[in-house]
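Tertiary structure, described
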Amino acid sequence: MAGVNIAIPNLAEDLNASAKMIAWMPTLYLLSSVMFMLPCGKIADNYGRKRVYASGLALNALASLMCALATSIEWVLFWRFIQGAAGAMIFGIGVAIITSVTPDNKRGMALGTSAACVYIGLSAAPAMGGWLTEMWGWRAVFYSQIPLVLMLLITIKLFLQGEWKNDKKSPFDWWGTVIFSLFALCLVLGLSDLPRMSGWLLTLLSITFLMLFIVHQSRSRRPLIRVQMFLESRVFSLSLSTSFLMYASNFSLAFLLSLYLQYIKGLSPAHAGQIVLLQAVSMAIMAPLAGKLADKIQPRLLATFGCIIVMIGFFLLSLLTVNSSTTYISGSLLLLGIGFGLFSTPNNNAIMGAVDKSELGVASSSMNLSRTIGNLFGMSLINLIVQYYLGDSTFSAQNSPALMSTISLAFKMSLGFVILASCISALRGRA
């Protein structure tokens, strides 16, 4: 995903795609992830977490191949939606597998190591994406994912023995899946169409579907997620709320900085990728340390301290101008990376430690769902800002004033999310 963000300007030029269409690339990926996250968690608990995880990897490889072969922006968007479903199967289940095989007193370290691996991938992706785009074009970014996925599938087959699932299968809630999917769809379409009346109506309809989903889950004998989990544990519910806000603030960062560095600062894709990766590098360094500390120190303290550091980083980015130096941007990204590294693992540890082992798959999916809905909500607001300032025009250096206004407002919005997240994190209580 991070590598694709760096390739977006090259892709937009090659396929002659408007700014409005390009903004849907990350949004559709997130929409699909949100729609399928809870169903995948339930299916994994019933039929096997490793099986669903491996199936997600295979589907991701197929979607990457079809994106690389696409001849229009519409086909790219379609297969990005499919890739989002694959992402729900991968990221919604991975933490559940780790938690299933790790003792409680070592869970923080295991989650920290897992997070570090993710961040190392995020570190390499922008630089690799920029280099591949510069050498062979945007299609190479999608092609490069296929051999990596095949290697992972072979590794799982050879070395990851056993399967993890519940002893007794519970019926699948199809109605709950449909209602939740309608909530996600209406939310994205509504936010992207504001301030038109249709946008307000769709947003209101999304809230209605969310309320209907909560009522349905509370009364269902076979829910996708027990809503009582949120009432039973204040740590669980407030940790998920904090995760939602933090990821709502952060997801659009690589997308916006890729545009800023290439269109406004005139940097090459490779150079832009090297700057963007600084955040992920610092996250990768901090995550194992934060995981180890999370086994000894209350997650609330570590996570809240991380939120405050992220707040400082976004405050600096909210002051960004066309004349800001790459050193200034790099320093801001390092602060964001350190803060997120301190926040994510303790927060995840608090969530997974607040539920019964029989609900690990659903808890893992809920954790990733809060992250993905946060990403989706934040990116939907970015779509709205892009549409307001740029409309159907294409991204170009000539539109730099409008693009700068978009970026400035987006970072101020992110700062507001992080301030609220810091307050909620501090109030969550002891794990």
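In what follows, the accompanying structure is described. All figures in this text were calculated on a predicted structure; none of them were measured in a lab.

Moving on to the overall build of the chain. From N to C terminus, the chain includes 17 helices and zero strands. Buried positions account for 59% of the 431 residues belonging to the chain. Once local pairs closer than 6 in sequence are excluded, the contacts in the chain between residues at least 24 apart make up 84%. Of the roughly 17700 Å² of accessible surface on the chain, a fraction of 69% belongs to carbon and sulfur atoms.

With 21 residues, helix α3 (residues 49-69) should reach 30 Å at 1.5 Å per residue; the first-to-last C-alpha distance of 31 Å fits that figure. Those residues of α3 lying buried are Arg49, Lys50, Val52, Ala54, Gly56, Leu57, Asn60, Ala61, Ala63, Ser64, Cys67 and Ala68.

Another aspect to go through is the packing of aromatic side chains. Throughout the structure, instances matching the rule amount to eleven aromatic pairs. With 5.2 Å between their ring centres and 85° between their planes, Phe78 and Trp79 make a pair best called edge-to-face. Judged by its relative accessible area of 40%, Phe78 falls in the partly exposed class. For the pair Trp131 and Trp136, a centre-to-centre distance of 5.5 Å together with 85° between the ring planes defines the contact as edge-to-face. Overall, Trp131 belongs to the partly exposed group, its relative accessible area being 41%. The exposed category is assigned to Trp136, whose relative accessible area is 59%. Each residue in the set Trp75, Phe78 and Trp79 is aromatic and connected to the rest through ring pairs, giving one cluster.

Here we take up a nonpolar patch on the surface. Residues Trp175, Val178, Leu182, Leu185 and Leu189 make up a contiguous nonpolar surface patch of about 450 Å² in total accessible area. Along the chain, Val178 turns up in helix α8 (residues 174-193).

Conventions adopted
Residues numbered from 1 in each chain as written. Predicted model: local features only at pLDDT ≥ 70, side-chain atom pairs only at ≥ 80, totals over all residues. Heavy atoms only, no water. Helix = DSSP H or I, 4+ residues; strand = E, 2+ residues; numbered from the N terminus. Buried < 20%, exposed > 50% of the residue type's maximum accessible area, 1.4 Å probe, protein only. Contact = heavy atoms within 4.5 Å. Areas by Shrake-Rupley, 256 points an atom, 1.4 Å probe, with all protein chains shown as cover. Expected span 1.5 Å × (residues − 1). Phe/Tyr/Trp six-rings, centres within 6.5 Å; stacked < 30°, edge-to-face > 60°. Patch = residues over 30% accessible without salt bridge, like charges linked within 9 Å, V, L, I, M, F, W, Y side chains within 5 Å. Salt bridge = Lys/Arg side-chain N within 4 Å of Asp/Glu carboxyl O.

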